[in-house]
Each structure stands twice: as C-alpha cells, then as structure tokens.
Amino acid sequence: MTILVTGATGNVGRCVITQLVDAGASVRATSRNPQSAGLPVDVRAADLEKPESFDSALEGVEKVFLFPNPAGAQGFAELAKAKGVKRIVLLSSQAAAHESYGDSPVRTVHLAVEAAVERSGIDWTFLRPGGFATNTLFWAESIKQEGLVRLPFADANVNPIHEADIAAVAVKALLEDGHVGAAYELTGPESISQRGQVSLIGAAVGREIEVVDLSVAEAKALWAQQFGGFADGKILDGMVKLYENATARAADLTTVVQEVLGRPARTFAEWATDHKADFTA
Ligand SMILES: NC(=O)c1ccc[n+]([C@@H]2O[C@H](COP(=O)([O-])OP(=O)(O)OC[C@H]3O[C@@H](n4cnc5c(N)ncnc54)[C@H](OP(=O)(O)O)[C@@H]3O)[C@@H](O)[C@H]2O)c1
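What counts and what doesn't
- Residues numbered from 1 in each chain as written.
- Predicted model: local features only at pLDDT ≥ 70, side-chain atom pairs only at ≥ 80, totals over all residues.
- Heavy atoms only, no water.
- Helix = DSSP H or I, 4+ residues; strand = E, 2+ residues; numbered from the N terminus.
- Core = buried A, V, L, I, M, F, W, Y, C linked by side-chain atoms within 4.5 Å.
- Buried < 20%, exposed > 50% of the residue type's maximum accessible area, 1.4 Å probe, protein only.
- Pairing = 2+ DSSP bridges.
- Right-handed = clockwise from strand over helix to strand, strands pointing away.
- Expected span 1.5 Å × (residues − 1).
- Contact = heavy atoms within 4.5 Å.
- Domains from an automatic or database assignment.
- Buried area = accessible area lost by both parts, 1.4 Å probe.
- Salt bridge = Lys/Arg side-chain N within 4 Å of Asp/Glu carboxyl O.
- Polar contact = N/O pair within 3.5 Å; in protein donor to acceptor, adjacent residues only side chain to side chain.
- Nonpolar A, V, L, I, M, F, W, Y, C, P; charged D, E, K, R; others polar.

What about unusual backbone geometry?
Then comes step 1: We note that Phe153 has phi near 50 degrees; this positive angle belongs to a residue other than glycine.
Then comes step 2: Mapped onto the secondary structure, Phe153 falls in the loop between β7 (148-152) and β8 (157-158).

And the structure:
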C-alpha cells in the first residue's frame with residue numbers, strides 16, 4: 001500500500017513524510033524539483049498545474065495527501081480515481097468552513113479544491129487549519145538583521161497551529177479508518193495576538209524584539225508587494241476587514257487536534273522553541 005504525498009517539500013508535507021516514515025508506511029513524494037527536495041523517500045517530478053504529470057507517480061498508490069492547487073485539482077482528482085486511489089486527505093483551510101470570509105480567494109480557492117475532490121467519488125478527509133505558526137517565518141529576516149518586526153494589525157488575534165500537528169492529524173486520517181468524510185477544523189490551543197507571538201519568539205531566542213506598528217496604508221502597500229498582481233484593491237480591503245475583525249475579538253479555536261490525537265495541540269511557545277534556529281543569525 002503506497003501513500004503519495006504531494007506538497008512534500010512544504011512545511012506540512014515534510015512533517016507528513018517524516019511521520020509516515022516513522023510509522024513504517026510505504027511513502028512516495030512529488031515535487032516540481034525532485035533533485036533538490038531533500039526527502040528520505042522516492043521523489044518523483046510532478047506539477048499539480050499539469051495533472052497528467054502525475055501519471056507515473058500515481059501508479060500503485062492507494063492514498064494521497066493532497067496539496068491544494070485549484071488549477072489542477074479537477075484533473076488530478078479524475079486521474080487519481082482512474083488510477084485506483086481510494087482515499088485523499090486534503091490540506092484545505094479554516095476559511096472553507098466560515099462564510100465570514102466572503103468571496104476572498106483564501107475561501108473560494110479551498111472550496112473549489114474540496115469540491116473537485118468530492119466530485120471524484122474518492123473517499124476524502126478535509127483538513128481545514130487556521131493560521132499556520134510558520135506564517136511568522138516571514139518575520140525571520142528582520143528579526144535576525146534588525147531585531148524588529150514591522151507589523152500591520154499587531155493586536156490582531158490568531159490561532160496558530162504547529163505544522164507537525166496538522167501533519168499528525170493527516171497521518172491519522174491516512175493510516176486509520178474512521179476519518180472518511182470528516183472536515184476537520186484545526187487550530188492551535190490558544191488565541192494570541194501577533195504582538196504576543198513576537199514576544200514569545202523573543203523569549204525563545206533570548207532577545208527582546210521590537211514591534212514597529214504599520215498604518216493601514218502601509219499594510220496595504222506591504223501586502224500588494226507580497227501578493228503581486230493577485231491582490232487588487234477589493235482583496236486588500238477584504239484583508240483589512242478580516243484583520244479589523246481579528247483585532248476586535250479572540251480567534252476561533254477548536255479542540256479537534258486534541259480529539260483526534262488524544263493530546264493537546266502544541267502551543268505557539270513550543271513552536272517558537274522548535275524554530276528558534278530560524279530566528280537566530
Ligand atoms: N499559511 C497559512 O496560515 C495557511 C492556513 C490554512 C491553509 N493553508 C494552506 O496551506 C498551504 C501551504 O502549506 P505549506 O506551508 O505546507 O506549504 P509551503 O511550505 O508554502 O510549500 C509549498 C508547497 O507546495 C508545493 N507546490 C506549490 N505549487 C505546486 C504545484 N503547482 N504542483 C505541485 N506542488 C506545488 C511545493 O512543492 P514543490 O515546490 O516541491 O513542487 C511545496 O511543497 C497554503 O497554500 C494554503 O493552501 C495555509
């Protein structure tokens with residue numbers, strides 16, 4: 001029984017590979033650049049935007065951990081069905097579970113991929129995580145170089161989840177029965193502000209880190225730069241609204257990690273300790 005892990009070089013995919021290997025599973029991975037993937041398993045070249053590129057990688061595969069790519073999702077799901085895949089565990093997003101995200105791409109993209117998987121008729125489990133703790137890796141360079149983070153909406157609350165916890169739920173859903181048809185909304189164990197995250201990274205690295213607050217206009221300019229042409233005025237306004245809401249109230253939390261794994265989700269303080277090398281020059 002071979003399990004195929006797509007997005008295997010990503011934050012979550014790498015942990016899925018490690019945990020599946022540790023569990024003794026037969027694992028294959030895909031990457032667009034297999035030669036530089038640095039993974040301890042058979043890595044094949046494949047691109048989710050070109051579903052047909054999975055023809056050989058899907059040979060003999062029973063289960064798939066699927067990275068969400070809207071362009072190729074339909075084609076991938078159809079090919080997987082034709083190849084005899086029995087189960088897909090999809091990395092989706094908490095935004096797929098909440099109408100409050102409106103028509104923002106983070107919701108529509110993940111709903112589109114979920115729909116493609118559902119239409120295939122293959123058994124599925126959807127993982128719908130909230131904000132990844134790894135999002136704070138965007139701050140690593142300025143922390144290392146200047147000892148500060150330039151931050152819009154520093155008091156916005158998030159529910160950061162450790163990538164190893166998302167992966168642990170994925171591995172359960174791949175290896176155990178009883179998770180088919182579940183859409184798991186996964187969060188970390190605490191609602192914490194972005195400013196609080198900076199402080200905990202500082203505690204992990206043993207250094208005070210300054211927060212430089214950015215105005216809304218500066219935030220929009222920063223996001224436009226980060227997301228390129230993708231982020232038009234409407235999307236930027238939508239992001240401002242989401243951050244304003246997140247500042248006004250605590251982040252939504254679930255206990256699904258605890259229920260599925262039988263232990264609490266890792267805290268952001270634990271994540272910061274695990275990643276202190278990323279924030280140390
Ligand atoms: N960040 C958040 O807060 C958050 C919250 C909820 C959900 N999510 C979801 O999680 C995703 C990020 O997961 P992550 O952090 O584990 O990934 P990541 O570290 O950003 O890495 C991206 C992965 O996607 C793969 N990939 C990208 N385009 C691909 C394509 N066309 N074909 C095949 N593989 C492709 C890359 O593979 P190669 O480069 O090796 O080909 C790489 O493994 C987001 O895109 C979003 O859908 C994120």
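From this point on, the discussion continues.
Focus on the nonpolar core
Then comes step 1: Counting residues in hydrophobic clusters, the biggest one holds 35 residues, and the most contacted among them are Val16, Phe65, Leu127 and Leu186.
Then comes step 2: Take this core: its biggest share by element is nine residues, from helix α5 (residues 163-175).
Then comes step 3: Listed in part, the 22 residues of the second largest apolar core include Ala73, Ile88, Leu90 and Ala116.

Observations concerning the pairing of strand β4 (residues 61-66)
Then comes step 1: Counting buried residues along β4, five of its six residues qualify, which places the element largely inside the surrounding structure.
Then comes step 2: As paired elements, strand β1 (residues 2-5) and β4 share four bridges and run parallel to each other. Looking at β4, one finds that Leu4 is bridged to Val64.
Then comes step 3: In this region the chain leaves β4, passes through helix α2 (residues 73-82) and returns to the parallel neighbour strand β5 (residues 87-91); the handedness of that crossover is right-handed.

Considering helix α3 (residues 105-120)
Then comes step 1: Between its first and last C-alpha, α3 extends 23 Å over 16 residues, near the 22 Å set by a 1.5 Å rise per residue.
Then comes step 2: Along its buried surface, α3 packs onto β4, α2, β5, β6 (123-129) and α8 (233-248).
Then comes step 3: Positive phi shows up at Gly121, right after α3, with a value of about 85 degrees.

Concerning the domain arrangement of the protein chain
Then comes step 1: Taken domain by domain, the protein chain consists of domain 1 (2-129) and domain 2 (130-162 + 188-251 + 266-281).
Then comes step 2: Look at where the C-alpha atoms of domain 1 and domain 2 centre, and you get two points 27 Å apart.
Then comes step 3: Taken together, the contact pairs 10 residues of domain 1 with 11 residues of domain 2.
Then comes step 4: For the pair domain 1 and domain 2, the summed buried area comes to about 710 Å², and 67% of that belongs to carbon and sulfur atoms.
Then comes step 5: A per-residue breakdown of the area domain 1 buries against domain 2 is headed by Asn11, Pro105 and Pro129, which together make up 54% of the total.
Then comes step 6: One can count one salt bridge joining domain 1 with domain 2.
Then comes step 7: Taking the shortest distance from any N to any O, the salt bridge between Lys234 and Asp103 comes out at 3.1 Å.
Then comes step 8: Inspection of the region where domain 1 meets domain 2 yields two residue pairs in polar contact (both at pLDDT 80 or more).
Then comes step 9: Secondary-structure elements contributing two or more residues to the side of domain 1 that touches domain 2 are α1 (11-22) and β6.
Then comes step 10: In the side of domain 1 that touches domain 2, the residues fall into five nonpolar, three polar and two charged.

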